[in-house]
Amino acid sequence: MKDLPRLIDPFARAITYLRVSVTDRCDFRCVYCMSENMNFLPKADLLTLEELDRVCSAFISQGVRKLRITGGEPLVRRDIMDFFTSISRHLKSGVLDELTLTTNGSQLHRFADQLAKIGIKRINISLDTLDQEKFAKITRWGRLTQVLDGIDAAINAGIRVKINVVALKNFNENELDNLVKWCAQKDMDLTFIEVMPMGDIGNENRLDQYWPLSDLQKTLAKTWTVIDSREQSGGPARYVRLAETNQKVGFITPLTHNFCESCNRVRLTCTGELYQCLGQEDQLDLRKVLRDNVDNKSLINAIHAAIAKKPKGHAFDYSRQQVSGQMSRHMSHTGG
Ligand code: SAM
Ligand code: SF4
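What counts and how
Residues numbered from 1 in each chain as written. Chains lettered and ligands numbered in written order. Predicted model: local features only at pLDDT ≥ 70, side-chain atom pairs only at ≥ 80, totals over all residues. Heavy atoms only, no water. Helix = DSSP H or I, 4+ residues; strand = E, 2+ residues; numbered from the N terminus. Buried < 20%, exposed > 50% of the residue type's maximum accessible area, 1.4 Å probe, protein only. Contact = heavy atoms within 4.5 Å. Near = heavy atom within 4 Å. Polar contact = N/O pair within 3.5 Å; in protein donor to acceptor, adjacent residues only side chain to side chain. Areas by Shrake-Rupley, 256 points an atom, 1.4 Å probe, with all protein chains shown as cover. Nonpolar A, V, L, I, M, F, W, Y, C, P; charged D, E, K, R; others polar. Lys, Arg positive; Asp, Glu negative; His and termini not counted. Salt bridge = Lys/Arg side-chain N within 4 Å of Asp/Glu carboxyl O. Pairing = 2+ DSSP bridges. Core = buried A, V, L, I, M, F, W, Y, C linked by side-chain atoms within 4.5 Å. Arc of directions from axis to C-beta.

**Student:** Explanation requested: the overall build of the protein chain in the structure shown.
**Tutor:** Within the protein chain one finds 12 helices and 12 strands. With 336 residues in all, the protein chain has 56% of them scored as buried. When contacts within the protein chain are restricted to residue pairs at least 6 apart in sequence, those whose partners lie at least 24 apart make up 73%.

So this is what it looks like as structure tokens:
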């Protein structure tokens, strides 16, 4: 097969990974992600499913090998399975290595079989607690049993599951061992994430939520034998293995350890803005390029121009007990 063109940024990083938010809407209102009374975007502002396909395919034609669909909650977007089915043609042709999604799990009981059938092999599911009441509190609108059913549906469909847990002070600190054991029992990978200053979250205070993963790792080491691992997923996570369970545990630490040097990704928002970095405001409006041009030449040129401006790293910082590097946009808009 002829080599595909490649997207190389100014710091010699090859951009092979595109994350796409397909909607800013969600059936949950997690307290660290949204305020309870979120104003969602008008539907006409969102890229249509056809536009999403066109822009993703353009990236794939320029060397993107991994596509992650996210949101908001991707599985609440109407007819999203049509998009998944259509874009999976790139898996079948071999130009895409992986098609995957990040989901809150609430709709997986409906879609897991179909997702497996079109070639999705792994998914990330976000779950911060195994306690029903705490789950209702942190998601405001979610039901734990529905998510647990969704997780089982994914496993039964043969999809490998990774659980993403946002580390939250005074919330899930005392559940660390339970979460580890539960993931080990179900043979699921587990990754912890530091809470990032993305978007206005109403009355909640970021610093009240922030539990540094350096502390979390010390707590983990009280119960488990933590072995450093050199495993890489090509992304920002660092991994350890727990000797007792041989389980892989990841840490995404944008605050305590800036991971930007290995960044291989860019993000497309549900309205077609291309963000070269999650933690910077620079973006390029690909929706306009898409809507103004029927051919893909301008689109591909615009993608290359954006990658040529990818910054070195984000600017999040909570040191000195204040939040700096705060982003005005929500994670659900940009796609976490
Ligand atoms: N709704 C899906 C879900 O929850 O998995 C996908 C979108 S959600 C924005 C993607 C991930 O971002 C989730 O794992 C969520 O926990 C995480 N997230 C949301 N807001 C965050 C924040 N302020 N800091 C760190 N992670 C956040
Ligand atoms: Fe929805 Fe995911 Fe944000 Fe929770 S983290 S409100 S599930 S988009």
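**Student:** What should I look at first to understand the site of ligand 1 in this one?
**Tutor:** Close contacts around ligand 1 come from 17 residues, with Tyr32, Gly72, Thr103, Ser126 and Met196 the closest. Tyr32 places a side-chain nitrogen or oxygen 3.1 Å from an oxygen atom of ligand 1. Separating an oxygen atom of ligand 1 from a side-chain N or O atom of Ser126 is a distance of 2.5 Å. Computed on the free molecule, ligand 1 has an accessible area of 540 Å², of which 95% lies beneath the protein chains in the complex.

**Student:** Looking at this structure, how should I read the site of ligand 2?
**Tutor:** Near ligand 2 the following residues occur: Cys26, Phe28, Arg29, Cys30, Cys33, Met34, Gly72 and Asn104. Among the residues forming the shell around ligand 2, the class breakdown is 5 nonpolar, 2 polar and 1 charged.

**Student:** Before we go on, may I ask you to explain the side chain of Arg77 in this structure?
**Tutor:** As for its position among the elements, Arg77 is in the loop between β2 (66-70) and α2 (80-87). Buried and unpaired, Arg77 has no salt bridge, with Glu50 as the nearest side chain of opposite charge at 6.9 Å. A polar atom in the side chain of Arg77 sits 2.9 Å from the backbone oxygen of Val22. Every residue in contact with Arg77, bar those within four places of it in the chain, is listed here: Val22, Thr23, Leu46, Leu47, Thr48, Leu49 and Leu52.

**Student:** I'm lost on the pairing of strand β3 (residues 98-103) in this one. Help?
**Tutor:** Looking down a regular strand, the side chains alternate between one sheet face and the other. Counting buried positions along β3 gives 6 out of 6 residues, so the element sits mostly inside the fold. Bridge count between β2 and β3: 4 bridges; the pairing is parallel. Note that in β3 the partner of Leu67 across the bridge is Leu99. Relative to strand β4 (residues 122-126), β3 is paired through 3 bridges, and the arrangement is parallel.

**Student:** Teacher, can you tell me more about the nonpolar core here?
**Tutor:** Soluble globular proteins: nonpolar side chains tend toward being buried together. In terms of nonpolar packing, the biggest core is built from 89 residues, with Phe84 and Ile163 touching the most fellow members. Setting aside anything within four residues of it in sequence, one finds Phe84 in contact with Ile69, Leu75, Leu99, Leu101, Leu115, Ile118 and Ile120. Core analysis: the next-biggest nonpolar cluster, separate from the first, contains 5 residues, Ile193, Met196, Ala237 and Ile252 among them.

**Student:** Explain the environment of Thr145 here, please?
**Tutor:** Along the chain, Thr145 falls in helix α6 (residues 144-156). Counting along the chain gives 39 residues from Thr145 to Ser106, while the straight-line C-alpha distance between them is 9.1 Å.

**Student:** What exactly am I supposed to notice about the environment of Thr85 here?
**Tutor:** Structurally, Thr85 is set in helix α2. Taking relative accessible area as the criterion, Thr85 reaches 43% and is therefore assigned partly exposed. In this structure, the C-alpha to C-alpha distance between Thr85 and Ile118, residues 33 residues apart in sequence, is 6.2 Å.

**Student:** What is the right way to read the side chain of Thr129 from this model?
**Tutor:** Structurally, the position occupied by Thr129 is in the loop between β4 and α5 (132-139). Residue classification places Thr129 among the buried positions, given a relative accessible area of 0%. A polar atom in the side chain of Thr129 sits 2.5 Å from the side chain of Glu175.

**Student:** What's the story with helix α7 (residues 176-185) in this structure? I'm lost.
**Tutor:** In an α-helix, one turn spans 3.6 residues; hence positions three or four apart end up facing the same way. Considered for burial, the residues of α7 that qualify are Leu176, Leu179, Val180, Trp182 and Cys183. Mapping the buried residues of α7 onto a view down its axis gives an arc of 165°, with all of them on the same face. In this structure, the buried residues of α7 make contact with α6, β5 (160-167), β6 (189-194), α9 (213-223), β8 (238-242) and β9 (247-252). With its phi angle positive at about 55°, Asp187 sits one or two positions after the end of α7.

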